[in-house]
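A structural walkthrough
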Amino acid sequence: MNGADDLIETLLANEVDACFANPGTSEMQFVAALDGQPKMRPVLCLFEGVATGAADGFGRMADRPACTLLHLGPGYGNGLANLHNARRAYTPLVNVVGDHATYHRQYDAPLNSDIPTIVGPNSLWVKSADSADDVAPLAAEAVAASFGPPGGPVSLILPADSAWTETNVGAVKAQKPSRPAPSSDAVEAAARAVRGAKKPVVLIGGQACRAEGMVQAARLAAHGVRVLADTFVARQPRGAGHFQPGRMQYFGEAALADLAGTDLMLLAGTTQPVAFFAYPDRPSLLVPEGCDLMTLAARSEDAIEGLRALADALGAPKDGPVQPLKRPEAPPTGPMTPQAAGASIARHLPEGAIICDDSVTSGGGVASQTNTAAPHEVLALTGGAIGQAIPLSIGAAVACPDRKVLSLNGDGAAMYTVQGLWTIARENLDVTVVVFANHAYRILNIELGRTGAGEAGPSAAKLLDLGDPRIDWVAMAKSMGLPAVRCETAESFETAFAGAMRQKGPMFIEAAIG
Ligand SMILES: Cc1ncc(C[n+]2csc(CCOP(=O)(O)OP(=O)(O)O)c2C)c(N)n1
Ligand SMILES: [Mg+2]
């Protein structure tokens with residue numbers, strides 16, 4: 001046994017059994033050790049942003065961490081944006097960052113970098129296992145730390161000599177932390193405040209938006225309390241049989257207009273709402289003036305228990321409202337639009353599907369119609385760093401092999417981590433990838449006006465247009481091993497999407513909307 005064997009044994013002993021990897025020389029011991037541990041599923045990702053986003057998708061669906069295997073500081077750096085999204089999703093995730101042998105660090109070889117500083121701001125926990133005997137205990141610490149609460153990425157640095165040196169420590173079990181329920185004082189205070197308010201709102205996020213939390217939130221809605229969910233939620237059920245809360249509006253002025261007159265905002269599993277960006281002369285904080293802000297359950301607490309206790313304290317009914325099953329009866333016709341795609345998706349999405357959403361300006365057309373589709377779950381872009389939905393779908397499909405996964409992407413967003421298509425094909429994952437090809441960063445054309453930056457002239461337009469040269473999405477997907485079709489009409493999308501939902505395995509659809 002060497003440190004690398006101990007690491008994988010410890011990960012497996014703590015149910016970390018998927019490894020999204022892009023290895024290098026310093027990780028060769030870990031790679032070799034995988035052969036002795038067939039329970040660990042190695043998944044090669046051809047860019048670290050794919051590996052980290054996949055580990056996020058896995059953690060969101062499995063409620064336990066996957067690990068990544070990353071090559072020193074630069075490998076980690078390539079994976080940073082999706083680790084940022086994972087941190088904002090509070091997803092348990094263990095990065096194994098390979099490093100030079102401890103005695104080699106002093107020579108400042110080309111791949112040498114200050115790994116603790118690079119990984120620090122985005123890791124709940126960072127330690128370097130500087131001897132083989134340290135590896136297993138630190139790996140167990142890392143797994144425990146990844147659960148928070150509320151959870152997030154952690155980074156275990158693994159020097160090459162710690163991996164290759166012999167050790168007899170063996171697997172170490174992690175102590176998984178629990179989420180404390182909010183105090184009864186907090187629940188009573190919240191109940192009093194709701195009774196005294198004219199127009200109370202409960203804002204739910206994070207763990208409160210999981211299926212069990214939504215059941216409790218629906219009871220509050222049945223009692224007459226307005227329930228809103230955060231704009232971007234890590235994992236939220238949607239469709240028939242589920243409660244459909246309102247959504248905090250994305251644009252600040254729309255959010256404040258929506259909240260006008262609200263005199264109490266209770267937070268469960270989230271923090272005070274703020275605008276995604278600042279704009280000249282527009283507010284940052286999305287709490288109306290004169291509205292009391294109160295926390296029922298912090299992110300680190302058990303918000304589901306908090307909602308249950310509040311509903312009980314208020315004498316709310318046992319059951320709240322849920323969505324009916326209502327799918328568009330007629331297949332959509334005419335030009336290819338996000339709305340047409342949304343109609344086909346609502347018609348054919350199978351029960352239990354998982355939607356990974358990074359579809360930017362095309363997303364609204366899908367969301368509005370899938371509210372009453374077959375029950376499914378949505379994983380949203382929690383950290384605003386686009387390029388997430390292809391990687392996320394990989395991890396979700398590895399975690400849930402019996403569920404259909406649908407990855408919805410803007411064409412700009414898809415290009416960030418397009419290498420993930422190869423992994424979907426190589427692992428034969430049951431993922432349908434849709435790319436909304438408008439050949440533009442369309443949202444930024446909207447933002448140009450909103451920020452007061454003005455109209456796009458020829459130089460500005462060059463930074464917002466993707467049409468020259470036009471990306472051939474079908475050729476791109478086929479080159480990485482996926483069957484692929486281009487849909488220029490609603491009719492052709494309907495046929496392609498229905499077919500994709502009927503079969504099992506990888507499929508790529510270009511929705512040609514521009
Ligand atoms: C990592 C990262 N880089 C840049 C941005 C800025 N950004 C936000 S949306 C966007 C373009 C999205 O374009 P696309 O995916 O084609 O969607 P569309 O707006 O066309 O619907 C960019 C570049 C970002 N959010 N994250
Ligand atoms: Mg686009």
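In case you missed it, the structure is sitting above this.
Described in the following lines is the structure provided in the data block. Just so you know, these numbers come straight off a predicted model, no measurement behind them.

Cut-offs used in this document
- Residues numbered from 1 in each chain as written.
- Chains lettered and ligands numbered in written order.
- Predicted model: local features only at pLDDT ≥ 70, side-chain atom pairs only at ≥ 80, totals over all residues.
- Heavy atoms only, no water.
- Core = buried A, V, L, I, M, F, W, Y, C linked by side-chain atoms within 4.5 Å.
- Buried < 20%, exposed > 50% of the residue type's maximum accessible area, 1.4 Å probe, protein only.
- Helix = DSSP H or I, 4+ residues; strand = E, 2+ residues; numbered from the N terminus.
- Contact = heavy atoms within 4.5 Å.
- Near = heavy atom within 4 Å.
- Polar contact = N/O pair within 3.5 Å; in protein donor to acceptor, adjacent residues only side chain to side chain.
- Areas by Shrake-Rupley, 256 points an atom, 1.4 Å probe, with all protein chains shown as cover.
- Nonpolar A, V, L, I, M, F, W, Y, C, P; charged D, E, K, R; others polar.
- Phe/Tyr/Trp six-rings, centres within 6.5 Å; stacked < 30°, edge-to-face > 60°.
- Lys NZ or Arg CZ within 6 Å of the ring centre and 35° of its normal.
- Pairing = 2+ DSSP bridges.
- Axes fitted to C-alpha atoms, helices over the stretch in contact; angles between N-to-C directions.
- Parallel < 35°, antiparallel > 145°, perpendicular 65-115°, else oblique.
- Left-handed = near helix turned anticlockwise from the far one by under 90°.
- 1 Å grid on protein atoms, 1.4 Å probe; cavity = no way out; pocket = protein on both sides within 12 Å on 5 of 7 lines; lining within 4 Å.
- Points joined across faces, edges and corners; volume = space filled by probe spheres on them.
- Donors = N, O, S within 2.8 Å, 3.2 Å for Na, K, Ca; no water.
- Disulfide = S-S within 2.5 Å.

Right, let's talk about the nonpolar core for a bit. Within the largest apolar cluster, 51 residues are counted, with the highest numbers of intra-cluster contacts made by Phe20, Leu421, Ile424 and Phe508. Considering each element in turn, this core owes the most residues, seven residues, to helix α15 (residues 389-399). The residues contacting Ile424, other than those within four sequence positions of it, are Ile390, Ser393, Ile394, Leu429, Val431, Val433, Leu482 and Pro506. In terms of nonpolar packing, the next biggest core, distinct from the first, is built from 29 residues, Ala197, Met214, Val225 and Leu296 among them.

The immediate surroundings of ligand 1 are formed by 16 residues, with Thr361, Asp411, Gly412, Ala413 and Ile443 found nearest. One nitrogen or oxygen atom from the main chain of Gly412 is found 2.8 Å from an oxygen atom belonging to ligand 1. Burial of ligand 1 by the protein amounts to 80% of the accessible area it has alone, namely 590 Å². Contributions of two or more residues to the shell around ligand 1 are made by α16 (411-416) and α18 (442-450). Taken together, the residues of the shell around ligand 1 break down into nine nonpolar, five polar and two charged.

Glancing now at the packing of aromatic side chains. Centre distance and the angle of the planes are the two values used to describe a pair of aromatic rings. Per the stated rule, a full pass over the model turns up eight aromatic pairs. Look at Phe232 and Tyr250: their rings are 6.0 Å apart centre to centre, the planes differ by 80°, and that puts the pair in the edge-to-face class. Residue Phe232 is found in the loop between β8 (226-229) and β9 (236-238), and its partner Tyr250 is found in the loop between β10 (246-247) and α11 (252-258); the two are separated by 18 residues along the sequence. Since its relative accessible area comes to 25%, Tyr250 is described here as partly exposed. Linked through ring pairs, Phe232, Tyr250, Phe251, Phe276 and Phe277 together constitute an aromatic cluster. The aromatic ring of Phe147 is capped on one face by Lys176, whose charged end is 4.6 Å from the ring centroid. The aromatic ring of Phe232 is capped on one face by Arg247, whose charged end is 5.4 Å from the ring centroid.

So, about the sheet that holds strand β11 (residues 264-268). The sheet built from five strands is open, its strands ordered β10-β8-β7-β11-β12 with parallel pairing. This sheet does not close on itself; its edge strands, each paired only once, are β10 and β12 (292-297). The pairing of strand β7 (residues 200-204) with β11 spans five bridges and is parallel. Looking at β11, one finds that Val202 is bridged to Leu266. Sheet strands in contact with helix α12 (residues 303-313) are β7, β11 and β12, and its direction is about 110° off that of β12.

The subject of this paragraph is the sheet that holds strand β5 (residues 126-128). In space, the six strands of this open sheet follow the order β2-β1-β3-β4-β6-β5, with parallel pairing throughout. The sheet is open, and its two edges are formed by β2 (41-44) and β5, each paired on a single side. Neighbour-to-neighbour, the strand axes of the sheet open up by a mean angle of 20°, direction not taken into account. Here strand β4 (residues 93-99) pairs with strand β6 (residues 153-159) via seven bridges, running parallel. The residue of β6 that forms the bridge with Leu93 is Pro153. Helix α7 (residues 132-146) contacts β4, β5 and β6 of the sheet and is inclined by roughly 165° relative to β6.

With that settled, the discussion passes to the packing of helix α9 (residues 184-196) against α12. Where α9 contacts α12, the two axes come as close as 9 Å, and the packing angle between them is 50°. By the angle class used here, α9 and α12 are oblique. Seen along the crossing, α9 lies across α12 with a hand that is right-handed. Judged by residue contacts, Val187, Ala190, Ala191 and Arg195 of α9 engage Ala309, Leu310 and Ala313 from α12. Of the residues assigned to the contact of α9 with α12, the class counts are six nonpolar, no polar and one charged.

Quantified by volume, the second largest pocket comes out at close to 550 Å³. Taken together, 25 residues line the second largest pocket, and the ones lying closest to its centre are Asp63, Pro150, Arg179, Gln207 and Arg210. The class makeup of the residues in the lining of the second largest pocket is nine nonpolar, eight polar and eight charged.

Checked against the element boundaries, Asn2 lands in the segment before α1 (3-13). Among the polar contacts made by the side chain of Asn2, one reaches the main-chain amide nitrogen of Asp5 at a distance of 2.9 Å. If sequence neighbours within four positions are ignored, Asn2 has contacts with Gln29, Ala163, Trp164, Thr165, Glu166 and Thr167.

We now examine the coordination of the magnesium ion (ligand 2). Every protein donor of the magnesium ion (ligand 2) is listed here as Asp411 (OD), Asn438 (OD1) and Ala440 (O), and their distances to the metal cover 2.1 to 2.2 Å. Mapped onto the sequence, the donors of the magnesium ion (ligand 2) take the spacing D-x26-N-x1-A. One end of the pair, Asp411, is in helix α16; the other, Asn438, is in the loop between β16 (431-437) and α18, with 27 residues separating them in the sequence. Assigned by exposure class, Asp411 and Asn438 land together as buried.

The subject of this paragraph is the state of the cysteines. Tallied over the entire structure, the rule returns zero disulfides. With no disulfide partner, Cys209 has as its closest neighbouring cysteine sulfur the one in Cys356, 17 Å distant. Left without a disulfide partner, Cys487 is nearest to the cysteine sulfur of Cys356, which lies 20 Å away.

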